[in-house]
Amino acid sequence: QVQLGESGGGSVQAGGSLRLSCAASGRSTFSTYATGWFRQAPGKEREFVAARSWNGISTYYADSVKGRFTISRDNAKNMVYLQMNSLKSEDTAVYYCAADEALRSLRVGVAAYWGQGAQVTVSS
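Residues numbered from 1 in each chain as written. Predicted model: local features only at pLDDT ≥ 70, side-chain atom pairs only at ≥ 80, totals over all residues. Heavy atoms only, no water.

Across its full length, the chain carries 1 helix and 11 strands. Shown N-terminal to C-terminal, the secondary structure of the chain runs as helices and strands in the order β-β-β-β-β-β-β-β-β-α-β-β. By the compact-globule yardstick of 14 Å for 124 residues, the chain fits well, its C-alpha radius of gyration being 13 Å. Dimensions of the chain, computed from the C-alpha atoms along their principal axes, are close to 40 × 25 × 25 Å. Counting only residues that meet the buried cut, the chain has 46% of its 124 residues in that class. Here the contacts in the chain between residues at least 6 apart in sequence split such that 57% fall between residues at least 24 apart. In the form shown here, the chain has an accessible surface area of approximately 6200 Å², with 45% of it arising from carbon and sulfur atoms. Considering the chain, the positive charge centre built from 13 side chains and the negative charge centre built from 9 side chains are found 4 Å apart. (Helix = DSSP H or I, 4+ residues; strand = E, 2+ residues; numbered from the N terminus. Rg over C-alpha atoms; globule rule 2.2 N^0.38 Å. Buried < 20%, exposed > 50% of the residue type's maximum accessible area, 1.4 Å probe, protein only. Contact = heavy atoms within 4.5 Å. Areas by Shrake-Rupley, 256 points an atom, 1.4 Å probe, with all protein chains shown as cover. Lys, Arg positive; Asp, Glu negative; His and termini not counted. Charge placed at Lys NZ, Arg CZ, Asp CG, Glu CD.)

Now for the sheet that holds strand β3 (residues 18-26). Pairing is antiparallel in the open sheet, where 4 strands are placed in the order β1-β3-β8-β7. Bordering the open sheet on either side are β1 (2-7) and β7 (69-74), each of which pairs with just one other strand. On average, adjacent strands in this sheet sit at an angle of 20° to one another, irrespective of strand direction. Of the pairings in the sheet, the one linking β7 to strand β8 (residues 79-84) comprises 6 bridges and is antiparallel in character. Bridged to Phe69 within β8 is Met84. (Pairing = 2+ DSSP bridges. Axes fitted to C-alpha atoms, helices over the stretch in contact; angles between N-to-C directions.)

The following block contains the structure:
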């Protein structure tokens, strides 16, 4: 089992920045898991935001966040991050950290482990 916990959410004005953090605990093999971020806005389905292979060789972003968001991780600390810059009101959502052995699974919204979510609110 892997437990994931997000932090760093909050409220920010449009154009501002936030960094979400995701702490992983449990299985010692987490460092070999692909990790990703998803979000769900009110009244909408959960959508893919970004994903990264365990070694950082492959990263993927939704078109809507490309160039503004950056996914990273620190395997030594079992931490995953999402740096969000130039935030827009349409970025308002609950953001979820996720992990899976297969990066291809994350890219289609399937993950073995999910965090509880962190609210991000962007006001215009």
